[in-house]
Amino acid sequence: MEYMITVELKGQAGNAAGLQFSMPEGQTQTIMAVDELQAIIQRCQILEEADFRGEDYNLFQVAGQKCLEDGYAAQLLEVIQNVKNKVIIKNMGWNLISPLVRCILAYKQEDEKRELCLKILDQLVQLCNPKELFLGLLEQIEQTSGEQVCQTIMLLLQPLQTVLLKLQNKKAYSVGLSLAMIMNQLTPLPVPYTKQQIQEDKLGLCQCCNAVVDFAKPFVNEVVKNMEKSSECNDTELKEELLKFCMKSLKYPLLTAQLEELEGIEEHPFRRFAAEIIDILLDMRELMPLVFLHHKSRRSLWENQEFEDIERKNSADSLACLSYLVFVQHFGINCFPMVFSSSYLLQCNMAHIEVLLKRTEESMLSKGLDLFESCLLRMEDNGLLHQYLEFREFINVSQDLVKVMTLCPIEHLRKKSLNILQLFIDKFEAEGKYTLFRCLLKTSNHAGVEGYVIKNIKDQIHLSLTKAHDNVWFTGHHLISLLDLVLLLPEGAETDLLQYSDRIMASLNLLRYLVIKDCESDNQTGVWTALAKIEENFLKPLHVGLNMSKAHYEAEIKNKKENRKEAHSSNTICSLTVSGEKMPPMTTEMQLQVLHSALFTFDLIESVLARVEELIEVKVKAVMDENI
């Protein structure tokens, strides 16, 4: 469809000449959009700034939006660049931010129209009222979502920075609001973790995080300059806002991110981001206080207890990540004075390790284990005093470590936690080891862990018996007190021997070692004095329990075999409960294998028990013969 348009051309004499030409419908609409824009511009040019009405703002926004959407950004740019329109653009231009951002994101990178839109954005930043433009830019960041979050933020960071640098009043508040809004929008995005995810960076988070740091740098420099002028920073509000940004960045994305150096990635984006955050804290002289004076918590601004608890938890997560960056990845470590003892560094970090080990996410658990390991490796064996176990965090961390060992579904973390537990044990002096063993035996509630602790007790007794000097904690009455926790069945004769088999075997091996190594005449360990109690609390109940357990499982085997004969097929799926846990569905043949395996375990325990009793009998008889 075409319209006939008449254009009047007036000469110097004022004569009008009529000219007719045809034009497509779409182009006519565009010219109408440009005409509407020109009309509102001409109307506002003759008005004083104070006389602009709400209707004028609306008409300007609608007309400008039409020009952008119809692809006539060039005409709109000319209008904005016209010096005559400077006052109008100063007051109304910020209304174009929303349609402008939509158009820029819609165009492809190489599109000329996109370049024109970027020029328009640059002009608006130069000409518009900074306060109004600030709110307009922030509104766009707040409204973005999904895959466009990082694109929008990276597009608007430079304009937002320029506007903030122009602001005179409430600058610190505005900077803080901007950083908080940006971080709130980024936080819901998944953090790339694997090497492939980091390289792909599908949502642009890696790139965006580093762009945000660059955005903050001028304000950091401003704080640093003020600090150089005076021993006390005059711009405490701006410093506080930047500190909040750093703390948020430590929690997200750095707490979740993979921060180990990766082969094939020349500049790891999150490592660069971490280094920049540490540099900001160093420049503002906040790194040392945060690492070492974290217990002097800032006064809470929340009256609501729930909000205060959330803030405390977020702060704990951030500080834990900070310690990981410093002591494991060594960011900023060169700026630390070499005056702190390794035991003090461990003490400072135990609260952070506890925070990380209580998490279930692989990235955070691994950071906690790495931080614990790093602190322990700085120490010499047998040098950590037992008094450190009076600190609540030391006991809590040992218990959390046990939970990782026994409950974590990730195998390499379970193995690593076991290695770290041994490292932790090795660092304590004798009394510390003794105290830790007692604690683990009372609190672990896991037969495998208890068996591991008992093996360590045996090693310590061996060292005590073979060293030139006595170790009072693993001989005599101290050892007997410890053996009271070791040489017993938790529930007497009714103890589930299969479930506690690791602990029972370790206990029997320890007792066998004591009987062989310690002569009754010497009785260094005190085991011969306590023999009657050991027989009553451990050996006799174990005999009864073995007889009961073997009878029960033999009856189960007999019952299964009879049922198999009656069944049409041995592949019938059945259920079985072993050690109080229901096993996955299995055939009768599979169940019989499990039951026979249990019987084999009982036979093994019984053979070691018999050997222990035989050794005791031989030693007792030898002493009696000597006396005769």
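Just so we're clear, the structure is a prediction, and the values are computed from it rather than from any experiment.

Notes on the overall build of the protein
Right, so step 1: Along its length, the protein carries 25 helices and 6 strands.
Right, so step 2: By residue count, 46% of the 628 residues in the protein fall in the buried class.
Right, so step 3: Put simply, the protein shows about 32,800 Å² of open surface, and 50% of that area lies on carbon and sulfur atoms.

Section: helix α16 (residues 342-357)
Right, so step 1: The largest bend along α16 reaches roughly 40° and is located at asparagine 349.
Right, so step 2: Among the residues making up α16, those that are buried are Ser343, Leu345, Leu346, Cys348, Asn349, Met350, His352, Ile353, Glu354, Leu356 and Leu357.

What about helix α13 (residues 269-283)?
Right, so step 1: The end-to-end C-alpha separation of α13 is 21 Å, in line with the 21 Å expected for 15 residues at 1.5 Å each.
Right, so step 2: Burial in α13 covers these residues: Pro269, Phe270, Arg271, Phe273, Ala274, Glu276, Ile277, Ile278, Ile280 and Leu281.
Right, so step 3: Arginine 285, located one to two residues past α13, shows a positive phi value of around 60°.

Overview of the packing of aromatic side chains
Right, so step 1: The tally for this structure, following the rule as stated, stands at 16 aromatic pairs.
Right, so step 2: With a centroid separation of 6.1 Å and 15° between ring planes, the pair formed by phenylalanine 292 and tyrosine 344 is classed as stacked. One end of the pair, phenylalanine 292, is in helix α14 (residues 287-292); the other, tyrosine 344, is in helix α16, with 52 residues separating them in the sequence.
Right, so step 3: Since its relative accessible area comes to 6%, phenylalanine 292 is described here as buried.
Right, so step 4: Residue tyrosine 344 is classed as partly exposed on the basis of its relative accessible area, which comes to 29%.
Right, so step 5: When the ring of phenylalanine 327 is compared with that of phenylalanine 336, the centres are 6.2 Å apart and the planes differ by 70°; the resulting orientation is edge-to-face.
Right, so step 6: A relative accessible area of 2% means that phenylalanine 327 is categorised as buried.

A look at unusual backbone geometry
Right, so step 1: The omega torsion of the bond from tyrosine 252 to proline 253 falls at 10°, within 30 degrees of zero and hence cis.
Right, so step 2: Inspection of the secondary structure puts proline 253 in helix α12 (residues 236-254).
Right, so step 3: At histidine 330, a position not held by glycine, the phi torsion is positive, near 65°.
Right, so step 4: Along the chain, the position of histidine 330 falls in the loop between α15 (305-327) and α16.

So, the packing of helix α9 (residues 171-186) against α12
Right, so step 1: Relative to each other, α9 and α12 sit at 10°, their axes nearing to 8 Å. Here α9 is positioned roughly parallel relative to α12, judged by the angle of their axes. Note on element contacts: α12 touches α9 through Glu237, Leu238, Glu241, Leu242, Phe245, Lys248, Ser249 and Tyr252, opposite Ala172, Val175, Gly176, Leu179, Ala180, Met183, Asn184 and Leu186.
Right, so step 2: For the contact of α9 with α12, the class distribution of residues is 10 nonpolar, 3 polar and 3 charged.

A word on the confidence of the model for the protein
Right, so step 1: Summing up the model confidence of the protein, the mean pLDDT is 86 and the portion of residues at 70 or higher is 85%.
Right, so step 2: Counted against residues more than four places away or in other chains, residues 1-30, with its pLDDT under 50, gives 34 contacts.
Right, so step 3: Residue range residues 295-299 is modelled with pLDDT below 50. Its contacts to residues more than four positions away, or to other chains, number 3 contacts.

Here's the deal with the environment of glutamate 520
Right, so step 1: Tracing the chain through its elements places glutamate 520 in the loop between α23 (501-517) and α24 (531-566).
Right, so step 2: Each C-alpha atom, one on glutamate 520 and one on lysine 619, is 7.4 Å from the other, the two residues being 99 residues apart in sequence.
Right, so step 3: Sequence-distant contacts of glutamate 520, defined by excluding residues within four places in its chain, comprise Trp528, Lys619, Val620 and Val623.

Topic: the packing of α9 against helix α11 (residues 205-229)
Right, so step 1: Packing of α9 against α11 brings their axes to within 12 Å, and their N-to-C directions diverge by 170°. Classed by the angle they form, the pair α9 and α11 counts as roughly antiparallel. Contact with α9, carried on its side by Lys171, Val175, Ser178, Leu179, Ile182 and Leu186, involves Leu205, Cys208, Val212, Phe215, Ala216, Phe219 and Glu222 of α11 and no other residues of that element.
Right, so step 2: Of the residues contributing to the contact of α9 with α11, the split by class is 10 nonpolar, 1 polar and 2 charged.

Calculation criteria
- Residues numbered from 1 in each chain as written.
- Predicted model: local features only at pLDDT ≥ 70, side-chain atom pairs only at ≥ 80, totals over all residues.
- Heavy atoms only, no water.
- Helix = DSSP H or I, 4+ residues; strand = E, 2+ residues; numbered from the N terminus.
- Buried < 20%, exposed > 50% of the residue type's maximum accessible area, 1.4 Å probe, protein only.
- Areas by Shrake-Rupley, 256 points an atom, 1.4 Å probe, with all protein chains shown as cover.
- Bend = angle between axes of the 7 residues up to and from the residue.
- Expected span 1.5 Å × (residues − 1).
- Phe/Tyr/Trp six-rings, centres within 6.5 Å; stacked < 30°, edge-to-face > 60°.
- Axes fitted to C-alpha atoms, helices over the stretch in contact; angles between N-to-C directions.
- Parallel < 35°, antiparallel > 145°, perpendicular 65-115°, else oblique.
- Contact = heavy atoms within 4.5 Å.
- Nonpolar A, V, L, I, M, F, W, Y, C, P; charged D, E, K, R; others polar.
- pLDDT = per-residue confidence, 0-100.

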